[in-house]
Amino acid sequence: MSQQGYVAAPPYSQAPPGMGGYQVGYAAGPAQPLYGHHGGAPHPFSAPVAGGVMKPPGSTAAGMVPLPVSSQYNPNYQQNGSHQQRYAAPPAVSHGQPPHALPSSMASPGPPPTQQLTNQMSAMNLGSYGQNHMQHPPTSPVVQQSFQSPPPPAVGQPQMPLGPQVHHAPPQMSPPQSSTTNMSIASHSMPGPPMGGPPMGGQSMGSPVGGGPPMVGQPMGAQPMAGMSGPFPGPPPPAGPGGFQHLGPGQAGPPGYPQQAGQFGGMMPGPQASMQGGFPGAMAGPPQKKLDPDAIPSTTQVIEDDKAKNGGQVYCTNIRGQLPPLVTTDFTVQDQGNASPRFIRCTTYTLPCTAELAKQCQVPLAAVVKPLANLPKNEAPLYAVNHGETGPIRCNRCKAYMCPYMQFIDGGRRYQCTFCNCVNEVPVFYFQHLDHMGRRVDFYERPELSLGSYEFVATLDYCKNNKLPNPPAFIFMIDVSYNNIKSGLVKLICDELKTLLEKLPREEGADGSAVKVGFVTYDKVLHFYNVKSALAQPQMMVVSDTTEMFVPLLDGFLVSYQDSKAVICNLLDQIPTMFADTAESETVFAPVIQAGVEAFKAAECSGKLFIFQSFMPTAEAPGKLKNRDDKKLVNTDKEKTLFQPQKGVYEQLCKDCVVQGCCVDLFLFPNQYLDLATMADVPSHTGGSVYKYNNFQMETDGEHFLADLRKSVQKHIGFDAIMRVRTSTGFRATDFFGAIHMNNTTDVEMAAVDCDKAVTVEFKHDDALSEESGALIQCALLYTNISGQRRLRVHNLSLNCSSQLSELYKSCETDSLINFFAKSAYRAILNQPLKNVREILVNQTAHMLACYRKNCASPSAASQLILPDAMKVFPVYMNSLMKTAPLVGSTELSTDDRAHQRLAVMAMGVEDTQLLLYPRLIPLHNMDVDSEVAPAPVRCSEERLTDSGLFLLENGHSMFLWIGQAASPDLIQGIFNLPSLAHFQGLTSTLPDLDNPLSKKVRAIIRDLQNKRPNSMKLQIVRQKDKPEMLFRQLLVEDKGLHGGASYVDFLCYVHREIRQLLT
Ligand SMILES: [Zn+2]
């Protein structure tokens, strides 16, 4: 199958028109003047389902809400998973435009990957912005504070006066503001005495904001770090929101910047040093008078408030620009014309009308798209629309798919595309009359007219080489070198596969799985196995020349597990013994991936490789690696090289994999450095995942690994995918972050995409946006599903636009914002010194908040920190992000671990980054064991721990059970079946199965969390004051970082100071 034949084309054959600013050389869309010449002024957008009501088909009565799952649509629409006959093709003359144009990427081969990477890198900006000097937050703020309740409406502003003006001043009270909104920061946790007025409240823009019971802070500038000076005089970043720019030549970092780059941590030599060995709590140094932690915005409180408000509710998607409940809230979505927030979340649901406003506020405009997100059982799976051979109906010009935003006119004979304004003929077979409202009478019967998300059954035009795809295949590739045999890993994998292969993923409703399976073992050579069902015994074929990889057999390599079960089980039984006496310790790696690609090529299918490897590939072969770990590079301008993959072989492999739809999941079991940055290069460009088990021990890690393997094999996944994000005029998608591959500026290519992978898309203005028509996003994913059907999944979302920045701030979603910042920063560190990246993060945080203060908040004392309600906990997330391993420049951290986290985050959705950056700390010692729900988490800080307590802490990747020194014997007995803590033996990863309510409840909570997360988490049990407690404390993100990084309080004070400097 030639690369030429890769059909990305039909669905994405044209650049959207009217989008000026394409780079020279990119296939140009129609020239601007064409714009809107058909239809005149754009129609104002109207909510697709007015009043939030959907009618069942055949009923004209308004007011009926459809059942979430039903066969309300006509038989031409099949529920995903069923396999109905294709819709009879309409007469050839009547259909709309079948896609036909060649894609630009096909007509002229895209740039080589090097070029591509260069292009992406050059999109990162760092201008004079990055040269601003940073100052360290004071190490001992003496701050007393409280919030005041401003008047309604919705945008509440926690106010935290900090700073010199009120230094040493007693708390001041301002007249209480009326507070009719229920929002509030820390309202319940307000310390009693200093509080006066109603503790909380939303504040209306423009209403006077009193001084409020202020937080009196020590002047931020009181203790500048030695050598650190310089206010924040620089101009705003030229890059616009979210920008990371290259430092141009001669634009070195700030002169005189201390080499210890750690923005915060690194610049706190005193406390930091003393912290290295001990615990923050036991830190030496001047006594700190701390800001009352209860009085600064609390993430757990924000989460609990949203749960109280939206938990268990039905969220209807019929309102444009509506802010969904938080990712941490359980709610039910009813699709009424906009995509569920499970599929798309935005950094803000109100875009600024102009590029100038966007630049002014510095709030990144981005969407986090998880196109194949899992839906809970009580929500309807997507409908599949089948227009037969005609294929999906699309705008002739911009190729947007039929959706609820298209405006039917001329008695239903034509429709105007809301994305580009082009007027299109309605294909004859698709014609329908309009009702008195101008809406098609079959509106509610067609998913593509009434729902935000649906699928089209794709036609041959959407398939490679105009051939329907074959079902995907899974190939299990096991490193059988000495260590893997000795550790028992090979046997563990083989034993597990015998049961796991019975549960291969299948389309809902299908009898069995269509997925084919194949097996390879390898060390310095590769062994392929013929497991054809007719054979009595599996046959092995060895390929020892790994320079030109080929697959020695076609027939019998990829088979149906059900057909070949006997032979496969025979093979899996034999593998561990076949290699039992191996002395081989070297392995190859790139040829293993190459073999997978060749196998898929030969079988004309896409699929996934599951590779199990322990060490760096040092055998003589393409892709051989050597140890290039160098801790001396940490905190230097060359640190970025530690994150950069080796070019060459792996770069080409990425490309080959993407072309073939070959996804790579990598399971690593290292006990030393293995250049993860390079080994993970292919997985991270093919929609794959990397799992890492340091110093793998069968007893403690076996189950943990198997749980990951099971999830990986069984998860919902699509292959050979290409995604295109279209927008209405005035703005467009300019940048993409994820486990993806880009050959041009618009097509997001993914060898595979699973239910947990998200692509973060940044938008920029081309032109002014209109408040009236709003902004539309249509995200189309073309992919091959698990049974081999080609599908087009379409997600539509409508956003508001406003010329008032206050509206934008009101519509921000902190969890999505931090997802964007994490990904853009993690990509930027490939090209820039970490300290520059951290500076940009802090500066942009200050800019966003200063702009709010200046333009949206009521006049108030400069000493007050005023945060937009929707972003009130943004600083804690930002501070947490800067303390993550990739950004924290510490020689104590493993280079591979840092690279691993960097790559994992790049593919994360909003839920995952939220949890990673603000872990759950759940008190278990005083919970109601009869309650159905788990106890509410408490703030992630050492201060929340109690000596007699028992706490569970998890961030989606690690899980700890922390036992206080003074935990009662009853508690220890009830959970561990031990008389006291002293009997506790080392690290264990499981809890005994005890028959008492407490033990059952604790295990149920752990099980529930494990099930919810994309990865399995190894339970680590730590006792207070034991050495492993360090690992636990790293996750307490409100405290000072163990490897550098400020506490939440210090960071907030620091940001406040930056804001004040920006405002003066
Ligand atoms: Zn269009």
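Up top is the structure.
Residues numbered from 1 in each chain as written. Predicted model: local features only at pLDDT ≥ 70, side-chain atom pairs only at ≥ 80, totals over all residues. Heavy atoms only, no water.

**Student:** Can you walk me through the overall build of the chain in this structure?
**Tutor:** Looking only at helices and strands, one finds 24 helices and 32 strands in the chain. Put simply, the chain has 1064 residues, and 62% of those count as buried. Here the analysis covers contacts within the chain between residues at least 6 apart in sequence; of these, 77% occur between residues at least 24 apart. About 37,100 Å² of surface is accessible on the chain, with carbon and sulfur atoms providing 53% of the total. (Helix = DSSP H or I, 4+ residues; strand = E, 2+ residues; numbered from the N terminus. Buried < 20%, exposed > 50% of the residue type's maximum accessible area, 1.4 Å probe, protein only. Contact = heavy atoms within 4.5 Å. Areas by Shrake-Rupley, 256 points an atom, 1.4 Å probe, with all protein chains shown as cover.)

**Student:** Is there a simple way to think about the pattern of salt bridges in this case?
**Tutor:** Side-chain pairs of opposite charge can arise whenever the charged atoms involved come near each other. For the coordinates displayed, the defined rule picks out 49 salt bridges. With a shortest N-O distance of 3.4 Å, aspartate 410 and arginine 414 are connected by a salt bridge. Relative accessible area serves as the criterion here: at 31%, arginine 414 is assigned to the partly exposed category. In this structure, the salt-bridge partner of lysine 624 is glutamate 620, at a minimum N-O distance of 2.9 Å. Classification of lysine 624 as partly exposed rests on a relative accessible area of 41%. The exposed category is assigned to glutamate 620, whose relative accessible area is 64%. Each of Arg440, Asp442, Arg446 and Glu448 takes part in one network of salt bridges that share partners. (Salt bridge = Lys/Arg side-chain N within 4 Å of Asp/Glu carboxyl O.)

**Student:** Would you take a moment to explain the coordination of the zinc ion for this structure?
**Tutor:** Distances from the zinc ion to its protein donors, Cys395 (SG), Cys398 (SG), Cys417 (SG) and Cys420 (SG), fall at 2.3 Å. Taken together, the 4 donor atoms surrounding the zinc ion define angles of 101 to 115° at the centre, an arrangement classified as tetrahedral. When the donors of the zinc ion are listed by position in the chain, the intervening gaps give C-x2-C-x18-C-x2-C. Here cysteine 398, found in the loop between strand E8 (383-385) and strand E9 (407-409), pairs with cysteine 417, found in the loop between strand E10 (414-416) and strand E11 (423-425); they are 19 residues apart in sequence, far enough to count as distant. The pair formed by cysteine 398 and cysteine 417 is uniform in burial state, with each residue classed as buried. (Donors = N, O, S within 2.8 Å, 3.2 Å for Na, K, Ca; no water. Tetrahedral: all angles 85-135°; square planar, octahedral: opposite > 155°, others 65-115°.)

**Student:** For this particular structure, what's the right way to read the packing of aromatic side chains?
**Tutor:** Geometry of an aromatic ring pair is reported as the spacing of the ring centres plus the angle between the planes. Within this structure, the stated rule accounts for 30 aromatic pairs. Between phenylalanine 669 and tyrosine 693, the ring centres sit 5.3 Å apart and the planes meet at 20°, which makes this aromatic pair stacked. Of the two residues, phenylalanine 669 is situated in the loop between strand E19 (662-668) and helix H12 (676-679) and tyrosine 693 in the loop between strand E20 (690-692) and helix H14 (698-714); the sequence distance between them amounts to 24 residues. Of the two residues, phenylalanine 669 and tyrosine 693, neither departs from the other in class, the shared state being buried. What links up through ring pairs into an aromatic cluster is the set Phe612, Phe667, Phe669, Tyr691, Tyr693, Phe696 and Phe705. Stacked on the ring of phenylalanine 331, the Lys or Arg arginine 342 has its end atom at 5.0 Å from the ring centre. A cation over a ring is seen here: arginine 439 above phenylalanine 443, with NZ or CZ 4.5 Å from the ring centre. (Phe/Tyr/Trp six-rings, centres within 6.5 Å; stacked < 30°, edge-to-face > 60°. Lys NZ or Arg CZ within 6 Å of the ring centre and 35° of its normal.)

**Student:** Would you explain the packing of helix H8 (residues 489-500) against H14 in this entry?
**Tutor:** Helix packing geometry: the angle between the two helix axes and the distance between the axes. As a packed pair, H8 and H14 sit with axes 11 Å apart at the nearest point and diverge in direction by 40°. Classified by the interaxial angle, the pair formed by H8 and H14 is oblique. Classified by chirality, the crossing of H14 by H8 is right-handed. Listed contacts from H14 to Leu489, Leu492, Ile493, Glu496 and Leu500 of H8 are Met698, Gly702, Phe705, Leu706, Leu709, Arg710, Val713 and Gln714. (Axes fitted to C-alpha atoms, helices over the stretch in contact; angles between N-to-C directions. Parallel < 35°, antiparallel > 145°, perpendicular 65-115°, else oblique. Left-handed = near helix turned anticlockwise from the far one by under 90°.)

**Student:** Explanation requested: the sheet that holds strand E29 (residues 920-923) in the structure shown.
**Tutor:** Backbone hydrogen bonds hold the strands of a sheet together, and the pairing may be parallel or antiparallel. Read across the open sheet, the 4 strands follow the order E29-E30-E31-E32; overall the sheet is mixed. Edge positions in the sheet fall to E29 and strand E32 (1018-1023), since each of these pairs with one other strand and no more. Across the sheet, the axes of successive neighbouring strands diverge by a mean angle of 20°, strand direction being ignored. (Pairing = 2+ DSSP bridges.)

**Student:** Explanation requested: the nonpolar core in the structure shown.
**Tutor:** Counting 111 residues, the largest nonpolar core has Tyr809 and Leu881 as the members making the most contacts within it. Looking at this core element by element, the count peaks at 10 residues for helix H17 (residues 834-855). There are two domains that each give this core at least three residues, and those are domain 3 (812-917 + 1049-1063) and domain 4 (919-1036). Among residues more than four places away in sequence, those in contact with leucine 881 are Ile818, Phe821, Ala822, Tyr826, Leu841, Leu887 and Leu917. Counting residues in hydrophobic clusters, the runner-up holds 47 residues, among them Ala599, Phe600, Val664 and Leu666. (Core = buried A, V, L, I, M, F, W, Y, C linked by side-chain atoms within 4.5 Å. Domains from an automatic or database assignment.)

**Student:** Is there a simple way to think about the pairing of strand E7 (residues 366-369) in this case?
**Tutor:** Sheet faces and side chains relate simply in a regular strand, where the side chains alternate between the two faces. Neither face of E7 is left uncovered, since the one carrying Ala366 and Val368 and the one carrying Ala367 and Val369 both have all their residues buried. In terms of strand pairing, strand E5 (residues 344-346) meets E7 through 3 bridges, oriented antiparallel. Within the sheet, the bridge partner assigned to cysteine 346 lies in E7 and is alanine 367. Relative to strand E25 (residues 759-765), E7 runs antiparallel, the two sharing 4 bridges. Looking at the pairing, valine 368 lines up with threonine 760 of E25.

**Student:** Before we go on, may I ask you to explain the sheet that holds E9 in this structure?
**Tutor:** The 3 strands are arranged E9-E10-E11 in an open sheet whose pairing can be described as antiparallel. In the strand order of this sheet, the two ends are held by E9 and E11, each with one partner. For this sheet, the mean angle separating the axes of adjacent strands, direction not counted, is 30°. Examined bridge by bridge, E10 and E11 share 3 bridges and lie antiparallel to one another. Residue glutamine 416 lies in a different strand from E11, and its bridge partner there is valine 423.

**Student:** It is not clear to me how the side chain of threonine 587 should be interpreted in this structure. Could you clarify?
**Tutor:** Tracing the chain through its elements places threonine 587 in the loop between helix H9 (561-578) and helix H10 (590-603). Since its relative accessible area comes to 2%, threonine 587 is described here as buried. Apart from residues lying up to four places away in sequence, threonine 587 is in contact with Asp479, Ser481, Tyr522, Asp523, Lys524, Gln613, Phe615, Met616, Pro617, Thr618 and Ala619.

**Student:** What should I look at first to understand the environment of phenylalanine 820 in this one?
**Tutor:** You can see phenylalanine 820 is positioned in helix H16 (residues 814-828). Owing to a relative accessible area of 0%, phenylalanine 820 belongs among the buried residues under this scheme.

**Student:** Can you walk me through the packing of H17 against helix H24 (residues 1048-1063) in this structure?
**Tutor:** Remark: H17 packs on H24, axes separated minimally by 8 Å, with the N-to-C direction vectors making an angle of 60°. Classified by the angle between their axes, H17 and H24 sit oblique to one another. Seen along the crossing, H17 lies across H24 with a hand that is right-handed. Contact with H17, carried on its side by Val842, Asn843, Thr845, Ala846, His847, Leu849, Ala850, Arg853 and Lys854, involves Phe1051, Tyr1054, Val1055, Glu1058, Ile1059, Leu1062 and Leu1063 of H24 and no other residues of that element.

**Student:** Just to check I follow, could you spell out H8 for this structure?
**Tutor:** Because each turn of an α-helix spans 3.6 residues, side chains separated by three or four positions in sequence point in the same direction. If you check H8, its first and last C-alpha atoms are 16 Å apart, about what 12 residues at 1.5 Å a residue would give, namely 16 Å. If you check which residues of H8 are buried, you get Leu489, Val490, Leu492, Ile493, Cys494, Glu496, Leu497 and Leu500. Lining the buried residues of H8 we find strand E13 (473-479), helix H7 (482-486), strand E14 (516-522), H9, strand E18 (607-613) and H14. (Expected span 1.5 Å × (residues − 1).)

**Student:** I would appreciate a short explanation of unusual backbone geometry in the present structure.
**Tutor:** Negative phi is the rule for most residues except glycine; trans is the rule for most peptide bonds. The phi dihedral of glutamate 604 is positive, around 50°, even though this residue is not glycine. You can see glutamate 604 is positioned in the loop between H10 and E18. The partly exposed category is assigned to glutamate 604, whose relative accessible area is 38%.

**Student:** Mind showing me how you'd approach the environment of threonine 547 here?
**Tutor:** The residue threonine 547 is located in the loop between strand E16 (539-543) and strand E17 (559-560) in this model. With 76 residues separating them in the primary sequence, threonine 547 and glycine 623 have C-alpha atoms 9.7 Å apart. There is a polar contact of 2.5 Å between the side chain of threonine 547 and the side chain of aspartate 545. (Polar contact = N/O pair within 3.5 Å; in protein donor to acceptor, adjacent residues only side chain to side chain.)

These results come straight from atomic positions and should not be treated as a statement about function.
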